[in-house]
Amino acid sequence: MTIPFSETRKRLLSNPKVKAEYDKLGPQFELADELIHARTRAKLSQEEVAKRMGTTQSVVAKIESGRAKPSVRSLERYAAAIGARIVYQLLPA
């Protein structure tokens, strides 16, 4: 029997300590989601972005995973590779 991910996620996030750690990662995953959407809008593969950045597909995958913390320079190179620009903005918490 397979347990749906949504049920597992709900169970795990009911633990306050797990939820607090999960919430800390929110901005990283938001950035990852934005990068993936921007790349797909540009109709480019990770391999194509990597070539334009002068790096490897695995580096692009790490940047898009939400697990890595890319440098501002890496994000600028990524944006240039997909024909986009980065807009920096600070919002109230």
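Above this note sits the structure.
Residues numbered from 1 in each chain as written. Predicted model: local features only at pLDDT ≥ 70, side-chain atom pairs only at ≥ 80, totals over all residues. Heavy atoms only, no water.

> Just checking my understanding: could you explain the nonpolar core for this structure?
With 12 residues, the main nonpolar core is built from Leu35, Ala38, Leu44, Val49, Ala50, Met53, Val60, Ile63, Leu75, Tyr78, Ala81 and Ile82. Among the elements of the structure, helix H3 (26-41), helix H4 (46-53), helix H5 (57-65) and helix H6 (72-81) are those that each provide at least two residues to this core. Beyond its immediate sequence surroundings of up to four residues, methionine 53 is in contact with Val60, Ile63, Ser74, Arg77, Tyr78 and Ala81. (Core = buried A, V, L, I, M, F, W, Y, C linked by side-chain atoms within 4.5 Å. Buried < 20%, exposed > 50% of the residue type's maximum accessible area, 1.4 Å probe, protein only. Helix = DSSP H or I, 4+ residues; strand = E, 2+ residues; numbered from the N terminus. Contact = heavy atoms within 4.5 Å.)

> For this particular structure, what's the right way to read a nonpolar patch on the surface?
Taken together, the side chains of Val72, Ile86 and Tyr88 define a hydrophobic patch exposed on the protein surface, amounting to about 280 Å² of accessible area. Following the sequence through the fold, valine 72 ends up in helix H6. (Patch = residues over 30% accessible without salt bridge, like charges linked within 9 Å, V, L, I, M, F, W, Y side chains within 5 Å. Areas by Shrake-Rupley, 256 points an atom, 1.4 Å probe, with all protein chains shown as cover. Salt bridge = Lys/Arg side-chain N within 4 Å of Asp/Glu carboxyl O.)

> Would you mind showing me how to read the packing of H4 against H6 here?
Between two packed helices, what matters for the description is the angle formed by their axes and the separation of those axes. Direction vectors running N to C along H4 and H6 enclose 115°, while the axes themselves pass 9 Å from each other. For the element pair H4 / H6, the angle class is roughly perpendicular. For the pair H4 and H6, the crossing hand works out as right-handed. Taken together, the residues of H6 that come into contact with H4 (itself represented by Val49, Arg52 and Met53) are Ser74, Arg77, Tyr78 and Ala81. Considering only residue class, the contact of H4 with H6 consists of 4 nonpolar, 1 polar and 2 charged. (Axes fitted to C-alpha atoms, helices over the stretch in contact; angles between N-to-C directions. Parallel < 35°, antiparallel > 145°, perpendicular 65-115°, else oblique. Left-handed = near helix turned anticlockwise from the far one by under 90°. Nonpolar A, V, L, I, M, F, W, Y, C, P; charged D, E, K, R; others polar.)

> Help me understand the environment of arginine 67, please; the structure alone is not making it clear to me.
Mapped onto the elements, arginine 67 comes out in the loop between H5 and H6. Here arginine 67 falls in the exposed class, since its relative accessible area comes to 70%. C-alpha separation for the pair arginine 67 and glutamine 28, spaced 39 residues apart in sequence, amounts to 7.3 Å.

> For this particular structure, what's the right way to read unusual backbone geometry?
Most of the time, phi is negative for any residue but glycine, and the peptide bond is trans. Despite not being glycine, lysine 43 has its phi angle at roughly 60°, a positive value. With respect to the element layout, lysine 43 can be found in the loop between H3 and H4.

> Just to check I follow, could you spell out the pattern of salt bridges for this structure?
Should their charged atoms come close, side chains of opposite charge can pair. Scanning the model with the defined rule gives 5 salt bridges in all. Note that glutamate 21 and lysine 24 form a salt bridge whose closest N and O atoms lie 3.1 Å from each other. Of this pair, glutamate 21 and lysine 24 both sit in helix H2 (residues 16-24), 3 residues apart, roughly one helical turn. Given a relative accessible area of 59%, lysine 24 falls into the exposed group.

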